[in-house]
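Chain by chain, the residues run as shown.
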Amino acid sequence: MGQLELRRPTIKDLDSIVQLDQVCLGGFWSHQGYARELENSHHTLLVVATLDQVWGCGVSWGIADELHLVLLMVHPQYRRQGLAGLLLCRLLQLGHQGGDRQWATLEVRASNEAAQRLYQHFGFELVGRRPHYYDNPPEDALILWRNHLNTPETGQELQQHWQHWRSRVEAQGWSLSDRT
């Protein structure tokens, strides 16, 4: 498939990220919204990209002792190749490395069973529901939590996940360069 990078984006990537957002989320954030994410030191924005195109993106926010996973998207053409697992794993690892994040949380569409399976693979559990959370189409969100993010055991577990997801991506023919 070619060379793939996992990295923090630059301002030059914003147009590609916004295009990906349009395809995956129907315009969740604008160009200015992603630019603000790049500038905020408490927010982490990661991409998986080839030389000329962003194919996946993840965003997390550090809020007190919580890591909030705000967004995880992969272009439909590149789904089921391990890119979402790779992004999710690295976001969780970065949250773990900070040491003060005790848990991670996120919302996911109630109908998005593939994403729910991915999050369960990483130890997230269902803790609640937000009625009518999403628009286009209207839908409830499930609230998922993962505890003990800052423990040494979690660090070891995430390293095992990293090896798994990296191998999966490389088995698809990608040569992965990690620049996080």
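Given the structure is predicted, the values throughout are model-derived calculations rather than measurements.

Some thoughts on the packing of helix α1 (residues 14-25) against helix α2 (residues 31-39)
Okay, step 1: The contact between α1 and α2 brings their axes to 9 Å, and the two run at 120°. Taken together, α1 and α2 sit at an angle that is classed as oblique. The two elements α1 and α2 cross, and the hand of that crossing is right-handed. Between α1 and α2, the residues in contact are L14, D15, I17, V18 and D21 and H31, Y34, A35 and L38, respectively.
Okay, step 2: Partitioning the contact of α1 with α2 into residue classes produces six nonpolar, one polar and two charged.

Remarks on helix α3 (residues 83-97)
Okay, step 1: Between its terminal C-alpha atoms α3 stretches 21 Å, which fits the 21 Å expected from 15 residues at 1.5 Å a residue.
Okay, step 2: Summarising burial for α3: 12 of the 15 residues are buried, a large majority.
Okay, step 3: Restricting attention to buried positions, one finds in α3 the residues L83, G85, L86, L87, L88, C89, R90, L91, L92, Q93, G95 and H96.
Okay, step 4: Following α3 by one or two positions, G99 has its phi on the positive side, about 80°.

Overview of the UniProt feature "domain: N-acetyltransferase" (unreviewed entry) in the protein
Okay, step 1: Cross-referencing UniProt, the feature "domain: N-acetyltransferase" (unreviewed entry) maps to residues 4-149 in the present numbering.
Okay, step 2: From the first C-alpha to the last, residues 4-149 spans 28 Å; its make-up is 31% helix and 38% strand.

Observations concerning the state of the cysteines
Okay, step 1: In total, this model carries zero disulfides according to the counting rule given.
Okay, step 2: Left without a disulfide partner, C89 is nearest to the cysteine sulfur of C57, which lies 17 Å away.
Okay, step 3: A relative accessible area of 0% places C89 in the buried class.

Here's the deal with the nonpolar core
Okay, step 1: Counting 33 residues, the largest nonpolar core has L69, L86, L92, Y119, F122 and F124 as its most contacted members.
Okay, step 2: It is α3 that contributes the most residues to this core, seven residues altogether.
Okay, step 3: Among residues more than four places away in sequence, those in contact with L86 are L6, V48, W162, W165, R166, V169 and L176.
Okay, step 4: Core analysis: the second largest hydrophobic core is formed by 16 residues, I17, L45, L71 and M73 among them.

Some details on helix α5 (residues 152-171)
Okay, step 1: Across its 20 residues, α5 extends 29 Å between first and last C-alpha, which sits within 8% of the 28 Å expected from 1.5 Å per residue.
Okay, step 2: Inspection of α5 places T154, L158, H161, W162, W165 and V169 among the buried residues, and these make up the whole buried set. Considered in projection along α5, the buried side chains sweep an arc of 115° and stay on one side of the axis. Those residues of α5 that are exposed and aimed more than 90 degrees away from the buried face are P152, E153, Q156, Q160 and A171.
Okay, step 3: Taken from the residues just after α5, G173 is the one with a positive phi, measuring 100°.

Brief notes about the pairing of strand β4 (residues 66-74)
Residues in a regular strand point their side chains to alternate faces of the sheet.
Okay, step 1: Most of β4 is tucked away: seven of the nine residues are buried.
Okay, step 2: Bridge count between strand β3 (residues 54-63) and β4: eight bridges; the pairing is antiparallel. Bridge pairing links I63 to E66 in β4.
Okay, step 3: What sits between β3 and β4 in their antiparallel hairpin is a turn of two residues, with A64 showing a positive phi close to 55°.
Okay, step 4: Inspection of the sheet shows β4 paired to strand β5 (residues 103-109) by four bridges, in the parallel sense.

What counts and how
Residues numbered from 1 in each chain as written. Predicted model: local features only at pLDDT ≥ 70, side-chain atom pairs only at ≥ 80, totals over all residues. Heavy atoms only, no water. Axes fitted to C-alpha atoms, helices over the stretch in contact; angles between N-to-C directions. Helix = DSSP H or I, 4+ residues; strand = E, 2+ residues; numbered from the N terminus. Parallel < 35°, antiparallel > 145°, perpendicular 65-115°, else oblique. Left-handed = near helix turned anticlockwise from the far one by under 90°. Contact = heavy atoms within 4.5 Å. Nonpolar A, V, L, I, M, F, W, Y, C, P; charged D, E, K, R; others polar. Expected span 1.5 Å × (residues − 1). Buried < 20%, exposed > 50% of the residue type's maximum accessible area, 1.4 Å probe, protein only. UniProt positions renumbered as here; feature names shortened; annotations may be inferred. Disulfide = S-S within 2.5 Å. Core = buried A, V, L, I, M, F, W, Y, C linked by side-chain atoms within 4.5 Å. Arc of directions from axis to C-beta. Pairing = 2+ DSSP bridges.

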